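# Topology and contacts: notes
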Amino acid sequence: MNWTALFLAWLAGLSLILSGCGESPDTEGFAGLAETPPASSFAQPSPSDGIELPDDWGPHPDHRIEWWYLTANLRTEGGDPLGLQWTQFRQGLVAPDQAGGSPPASRWPLQAAWMAHGAVSFRGQHWFSERFARGGIGQAGAQAEPLRVWLDHWQLEATGSNQWRLEASGDGWSYRLTLVPGERVIRHGDQGFSVKSDSGFGSMYFSLVDIGITGTVKVDGTEYRVAGTGWLDREWSSQFLRSDQQGWDWFALRLDNGGRLMAFRVGRGGEAFRSGTWVAADGSVHALSGDQVEMVPLTSRETDHGQVPAAWRIRVPAHGVDITVRAPEGEYWNRGLYPYWESPVTVTGSHRGEGYMELTGYARP
Amino acid sequence: MTSVSVSGLRKTYDAGTGPVTVFTGLSLELPPGESLALTGPSGSGKSTLMNILCGLESIDAGDVQVLGKSATALSTDQWAELRRRRIGVVFQDSNLMPAMTLAENIRLRADLAGRSFGPVNDWLERLGLAGLGDRYPDQVSGGQRQRAALAMVFAMGPDLVLADEPTGSLDRHTATQVSDALFHWQRQQGCGLILASHDLALAGRCDHRLDLAAEGRP
Amino acid sequence: MIFRAVLSHYRRHPLQLLALWLILTLATALWSGVWTLTGQARDSMQAGEAQLSGGQQLAPEDGSPVTVDDFVSLRRQGLCVIPWLEVAPTDARGRVVGIDPLAMACAEGDAPGAGMALDGEPFVDIAEAARLAESGRSARLRLYLMDGEQPLPAGWHRPPDPSRLSTGELADSFLLNLDALGILVVLVSALLIRSVYTLGLAQRRESLVLLERYGITRRRLRRCLLAELVILAGLGLVPGYLLGLRLADGLSGGFGAAMDNLFETTLLTTGESTTGFLVTLAVVLLVVLWCGLDLLRGGPAQGRPRFHPGLATACLLVGLVLLLVAGSLVTVFLGTGLMLAGAGLLTPLLVVRYLTPSPWAPPLTLWRRRELGVLSGRLALPMVALQLAAGTVIAVHALVSTFEDTFHDWLGQRLAGDLFVEVPDDRSLAPVASLLESDPAVAHWHPVIRGTATIGVGSGEQGVDLMATDTRSGLIRRWSLLESVADPWQAVGEGQVLVNEQLARRQGLAPGDQLMVGFGEGQRSIRVAGIYADYGRPAGEILMDRRYLPERFVPDFRSLTIALADMGNGSGTALVSALASAWQVDDLSVRDNDTIHRLANRVFDQTFALTRSISYLTLVLAGLALLMTGWVVLRSRAWYYHLLSAWGLTARERRRVVMTLAAEFMALIWAAALPVGITLTWVLVSRINPVAFGWSLPMAIYPGYWLELLGLFALAAVTVGWLASIGHDGKPGTMPVQAGGQER
């Protein structure tokens, strides 16, 4: 999930760091930012693609962008809530038909670039680190069977049947977790094709919404044993956000009655495109259209990077959901090349629960 | 010729809070070999007059003659020369260099006056300080210190002695001993003596007396 | 209320309060300044060292070439390693360096100096460089570890880069001495504060006694005084600390700019560091405690200063013995401390006892000497402080000058010649030897072959570094030797060896001794012809003529050192091309000695300037304290100077006498500082270094500098004398108020 704006940011940043070099490796990749849909031969996702597991855990070189995106609401032994994030992005820079096969690593190929984000939120504080790597030399990559997604020493890896291990570390934080992914896979939209704009562009998108997690998290030199539940999004596409679509608000919520809600909004104001998925307590999955989801910012929080709507009212009347979603005290900016807000949230109202919220486009330039 | 003659002396000084007039036409005369007592309460100008008479303070108007020289005509260096060789000054206390023995003090003063310092021990003996020459000032009594100061003054063979409350910090018995010595050696050497004191008994032993409280004041 | 009464003293003597506050503030400034400056000097030394030695490279221990897989493997282990693919120039295009901007992201925000601004030519994306390399240009992949703190992975090491220069131990030694200096500065300024404080306290004795008579208990009084001192120290702390930072900033500003220009990085960051502030605070507290100790024990020390001749002599003797037999740095420092304490205790005693004039001296001379005795007694503490400060300044000057000279000489030796060319692997020297001999642009040249050998130690063997060269070269013969047999170069030309100082000290070798040297194919007994200084590293090394190397000796590294006849008209570039074509290689690794030399000089000159400024600051503080205390003491003698006037000295004569007095006092301190300075120099140069590093620096003294210092002291004397003698002309001083008033 959580895509377009982030990639805009990443590409902007990437072009910044690459501009240090004499020559850009692939100008076409950046042209994709233009308003017109890219004329490249990256594959466009469609409902007929469907989702094939376990293959779709692996990379999709035919598509321009994709990510593995884990957020988790955990608790320490002392009962303190602790949120964490691990994300790995792939950005194809050369379309598969132009690549001419896989060049050897000795050529330092730059057909794809990888980026990873790791964050820990604990007691009002937020730690974040960012890493980059070029694809094609083994420094970063992904494979479906057995599952392995890595960049440098950060790694998500299957260690047994229905068991994964996740390790990452940065300045002042590290974690080492055991994940039990579970059997249930939620396919969003139409057979996993999730529409992202009125014009019908979309992405392939599925989620694991109840990952059991145990392990240790270390922040500022103190190690905590933690346990809780995580949510993993898997998404790929070739499409960027339309230039008139500003900002991105996304929620992934686990409610106490067993209900699960994913809702997002692309753009701001009346033109915003809304969508979502409701998973009822009985396990039935319902795609939500824009008029079925209502998302209203309630309060605004003044932060170092600008005003952030830290509390929201979300209504899905068809399923009796009328809740308030609130970030805990603190600032949850992922201060990477392009800062965005990624915070754990608590849910009150018609249901109680917890989850994660991602907000982009609010950072003051 | 007189030892000291003063006429029409006017002196005002700035006390910080404004000008203070001390003398408005003071006159006095001291024949050679005679003694004059200056009396009066504190602030009547005794010390100021003493300073004027040894050239350490200037005057505003009038005529001051010391040992035949006009005060206003003398340069500060000439004044220094006069003090060095012919005027002996005795203060109430602290007349001796503290880091030197009594004998060394007397020797230093005599040396400055250009006298031979051979008879240093004689002078110690004459003033009842025999055997104390190697002592430092803080190792002898207050009376002994003042007698040593007198030894210094008379060892230089002065023509004029200016004594400012020389017994002011001594008890009566010691004071008498010191003043006895002072008058004895003044007469022996035949030098002039001006003595400032608020002690009327002491003042009474002088040939002349001038009460500054009554004299020449506004 | 009592507090007000206690403080009332300062209402009458505001200058004393100001002086006490000033000395506290200035001392605090000195401490924080010294803390910052030593930090900066340390940083600059280390940064310079790192720049010169280029220690960030990472290479496989087995010497195999670095591959992309190596890079990936290291990254997967969590190391921030960045690739550097250097492609040799061709006629069409210059040198190209391929970098990976994505990989470099992990180095951002690291220690200052670590980040790189690699913009534009010759930097390109590493894929582009790899493409050029595949098209036939020779290329070499290197890896740089951007986080120097991380432990190296197994199988990897930081290669000693023979084309670079390591100042390793010389720098370490300098930094150690800098630390010793910092401690001395703290001690000296603590002495100063204490002396100013006790002097002020003595002057308040009367009013304190009066308060006691009014029924205030002594304990309460002491508490008040202690509180007063703490408040005053607190008031001085913050402005002093900030002043120190500004001072350090001002002194090092030019330095920072120079480093910016040199390396395009900011190496120095002066900032309010918590540690720096806490250290300053701790020192202030300790000094206040020291001053307050007297109060807590029962009032300020009264009466004349007490002398401890026995203690002083014992301190000196024990200190000296410790210094002579010292086997560890702690012992050296302890010995030094004892020597200094002894000197401090002994000096006032010597002054008072042995400067007593003959009673038959001219009376005015006698008076001056006696007053000098009084001053030495009353000003014993600030006098000793100034003595130690001046001694420190002398020692630091000698140390810095010695280091400077040693650095320059040593750099001159090691960077002899204009060009330093790496001999490509598998190429023989023969094809270029004739070229170099015949080229008129070449003035001198010699090859340097480095490798390892063994020496016989007892029944076993020990590895040492080996350097073989053509010892007939004029460049080599310029090396100065510490000890040698007669005509050592002739002897080396005939097969004898030179050893470095480390090896000579460790093995107890002297010129003329026999040494068993093994080259992997049996041992040879070789005579030692001489010993040379080698400050760069701890390893032992032997130097021999290459003609005596065994045929099958495998060198680790070979290079050519070339001095050009005329550096001007691009002859260097032409020569390098000629060498490259003679060896049939595309590219040669060449070091421009001149550039490195200039770089090294600039870096180290600045470090030395910073160090000197620390010692001058100490001297200024000591001088200031002496001015203040001297002025107070001389003022207390004003009556007696007035007495001189009453006794017929002219104003000029009196001024001359008082100034002579002050000058004699200063000269005395200066003279007392000389043995302290010389001893300290000896300790720093000849004791600390051999104990810590196994080699010593040549000891040198600089009498010219002593005279400069004397001039400074004369200036202070004139100032004090002038201050003490003005304001009394014609005006009588006040009689001393103490009962008796005759204190010696």
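The shown structure was predicted, so the numbers you read here are calculated from the model rather than taken from an experiment. (Residues numbered from 1 in each chain as written. Chains lettered and ligands numbered in written order. Predicted model: local features only at pLDDT ≥ 70, side-chain atom pairs only at ≥ 80, totals over all residues. Heavy atoms only, no water.)

### Let's talk about the nonpolar core
Core analysis: the biggest nonpolar cluster contains 184 residues, and Leu-38 and Ile-87 of chain B have the highest contact counts within it. When residues in this core are grouped by element, the largest group, 17 residues, is from helix α21 (residues 651-693) of chain C. Residues in contact with Leu-38 of chain B, not counting those within four places in the same chain, are Leu-28, Lys-46, Leu-49, Met-50, Ile-194, Leu-195, Ala-196, Ser-197, Leu-210 and Leu-212 of chain B. Trp-57, Leu-70, Ala-142 and Tyr-175 of chain A belong to the second-largest nonpolar core, a separate cluster that totals 43 residues. (Core = buried A, V, L, I, M, F, W, Y, C linked by side-chain atoms within 4.5 Å. Buried < 20%, exposed > 50% of the residue type's maximum accessible area, 1.4 Å probe, protein only. Helix = DSSP H or I, 4+ residues; strand = E, 2+ residues; numbered from the N terminus. Contact = heavy atoms within 4.5 Å.)

### Focus: the side chain of Arg-260 of chain A
Residue and element names in this part refer to chain A. Relative to the helices and strands, Arg-260 is located in strand β15 (residues 260-266). Only 2.7 Å separates the side chain of Arg-260 from the side chain of Asp-210, close enough to count as a polar contact. When neighbours within four sequence positions are excluded, Arg-260 is seen to be in contact with Arg-184, Val-209, Asp-210, Leu-253, Arg-254, Leu-255, Thr-277, Trp-278 and Val-279. (Polar contact = N/O pair within 3.5 Å; in protein donor to acceptor, adjacent residues only side chain to side chain.)

### Observations concerning the pattern of salt bridges
Evaluated as defined, the whole model comprises 36 salt bridges over all chains. Two residues, Arg-165 of chain A and Glu-157 of chain A, come together in a salt bridge whose shortest N-O distance is 3.2 Å. Among the ionic pairs, Glu-541 of chain C bridges to Arg-450 of chain C, the shortest N-O distance being 3.0 Å. A residue pair is termed long-range when its members are at least 10 positions apart, and Glu-541 of chain C in strand β14 (residues 541-545) and Arg-450 of chain C in strand β8 (residues 442-457) qualify at 91 residues. Taking relative accessible area as the criterion, Arg-450 of chain C reaches 26% and is therefore assigned partly exposed. Linked by salt bridges that have partners in common, Glu-157, Arg-165, Glu-167 and Arg-176 of chain A make up one network. (Salt bridge = Lys/Arg side-chain N within 4 Å of Asp/Glu carboxyl O.)

### A short note on the packing of aromatic side chains
Residues and elements named next belong to chain A. Throughout the structure, instances matching the rule amount to 19 aromatic pairs over all chains. Here the aromatic residues Trp-57, Trp-164, Phe-206 and Trp-236 are joined through ring pairs into a cluster of three or more. Arg-148 extends its terminal NZ or CZ atom over the ring of Trp-150, reaching a point 4.1 Å from the ring centre. If you follow Arg-234 out to its NZ or CZ, it ends over the ring of Trp-68, 3.9 Å from the centre. (Phe/Tyr/Trp six-rings, centres within 6.5 Å; stacked < 30°, edge-to-face > 60°. Lys NZ or Arg CZ within 6 Å of the ring centre and 35° of its normal.)

### Focus on helix α5 (residues 126-134) of chain C
Of the residues making up α5 of chain C, those classed as buried are Ile-126, Glu-128, Ala-129, Ala-130 and Leu-132 of chain C. The inward-facing, buried residues of α5 of chain C contact β4 (125-134) of chain A together with β2 (81-87), β3 (96-99), β4 (123-125) and β5 (139-145) of chain C. N-capping of α5 of chain C is provided by Asp-125 of chain C, with a side-chain oxygen placed 3.0 Å from the backbone N of Ala-127 of chain C. A positive phi of about 115 degrees marks Gly-136 of chain C, the residue just after α5 of chain C.

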